[in-house]
Amino acid sequence: MREKMKGMTLIQKIDYLWTYYKIWLLVPVVIGCVVYVGCSIYRAQNENVLVNTVIVGSTLQTTDKVEQEIKDYMKKDKKNDVVTLQTNIPDDNMGQASTVALSTMVGAETVDVIICPKNVYDHFSGQQAGAIPMKEILGGNIEKYGYIVREDAIVVNSSKFMKEKLGVPYDEVYMFVVANAPHEEGAAKFVQYVLDNL
């Protein structure tokens, strides 16, 4: 084979290898794909999702540090414990992109807490998804916090913590737990984390 390939150009060598040895070239690729998919499935099955929060219009570039801080607050330090802050939903005044993305996540029951401006709250807390009453989320601690304006949401105005730590660019911030939240306990702890840091 070396003698045959010695006088060939690079294109001719690739063509020769593909013509006569394509099955042997594809086997490592297929094995690599199978291993990758298997590892991804295993990792997903063993993840312990604590809370999944969407921050509409967030300016955060990276969320790793905040996610770790939230895990520490929850006293969850196992490798498979996961806190997710999704900051990729734009604040586009309920444009098609953000509405479709949020509707899909809420419908698929993959989001627990939404931090957003008033127009998003109005759309998603009503008949679209509904929100869990804050009395259920905070229990006996509800009187401890003075931010609750609505029965099912916390409204915070001009918060330095919200702007700097969570990247919230708007002044009036609504935070609510979606009615079909899959991780209600983690959602409650996340809400308490935010309120304790305001």
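Small disclaimer: the values here were computed from a predicted structure and weren't measured. As a convention, each chain's residues are numbered from 1 in the sequence order in which they are written. Residue-level local features of this predicted model are given only where pLDDT is at least 70; pairs of side-chain atoms are given and counted only at 80 or more, and the full residue set underlies all totals for whole chains, interfaces and linings. Side-chain numbers come from the whole structure's heavy atoms, not from hydrogens or water.

Draft legend 1. Molecular detail of the overall build of the chain. Looking only at helices and strands, the chain has 8 helices and 6 strands in total. Against the compact-globule benchmark of 16 Å for 198 residues, the chain has a radius of gyration of 24 Å, which places it well outside the compact range. Counting over 198 residues, the chain shows a buried share of 39%. Residue contacts follow a heavy-atom distance rule, with two residues in contact if any of their heavy atoms lie within 4.5 Å. The long-range share in the chain, meaning contacts at least 24 apart out of those at least 6 apart in sequence, stands at 70%. Each accessible area is a Shrake-Rupley result for a 1.4 Å probe, and residues are judged covered by the shown protein chains and nothing else. Total accessible area computed for the chain in this model is approximately 11700 Å², and 54% of it derives from carbon and sulfur atoms. The averaged location of the 24 negative side-chain charges in the chain is 12 Å from the averaged location of its 20 positive side-chain charges. Starting at the N terminus, helices and strands are each numbered in turn, a helix being any DSSP run of H or I of at least four residues and a strand any DSSP run of E of at least two. C-alpha atoms define the radius of gyration in this analysis, and the globule rule sets the expected value at 2.2 Å times the number of residues to the power 0.38. Residue burial is assigned from relative accessible area. The probe radius is 1.4 Å, only protein chains are included, and a residue is buried under 20% of its type maximum, exposed over 50%, and partly exposed in between. Charged residues are defined here as Lys and Arg on the positive side and Asp and Glu on the negative side; His and the ends of the chain fall outside this count. Charge coordinates come from a single atom per side chain, which is NZ of Lys, CZ of Arg, CG of Asp or CD of Glu.

Draft legend 2. Molecular detail of helix H8 (residues 184–197). With 14 residues, H8 should reach 20 Å at 1.5 Å per residue; the first-to-last C-alpha distance of 20 Å fits that figure. Among the residues of H8, those classed as buried are Gly-186, Ala-187, Ala-188, Phe-190, Val-191, Gln-192, Tyr-193, Val-194 and Leu-195. By this rule the span expected of a helix is its residue count minus one, scaled by 1.5 Å.

Draft legend 3. Representation of the confidence of the model for the chain within the structure. pLDDT is a per-residue confidence score from the predictor, ranging from 0 to 100. Taken over all residues, the pLDDT of the chain has a mean of 85, while the share at 70 or more is 91%. When mean pLDDT is taken per element in the chain, strand E3 (residues 113–116) scores highest with 94 and strand E4 (residues 148–150) scores lowest with 61.

Draft legend 4. Spotlight on the environment of Ala-108. The residue Ala-108 is located in the loop between helix H4 (96–107) and E3 in this model. Taking relative accessible area as the criterion, Ala-108 reaches 49% and is therefore assigned partly exposed.

Draft legend 5. Highlighting the pairing of strand E1 (residues 48–55). The buried fraction of E1 amounts to 6 of the 8 residues, a majority that puts the element mostly inside the structure. After leaving E1, the chain enters helix H3 (residues 64–73) and then returns to the sheet as strand E2 (residues 81–86), a path that is right-handed. Two strands are counted as paired when DSSP detects at least two bridges linking them. Two elements, E1 and E3, share 3 bridges in a ladder whose sense is parallel. Following the sheet pairing, Val-54 is matched in E3 by Ile-114. Crossover handedness is defined by viewing with both strands directed away from the observer: a clockwise path from the first strand over the helix to the second marks the crossover as right-handed.

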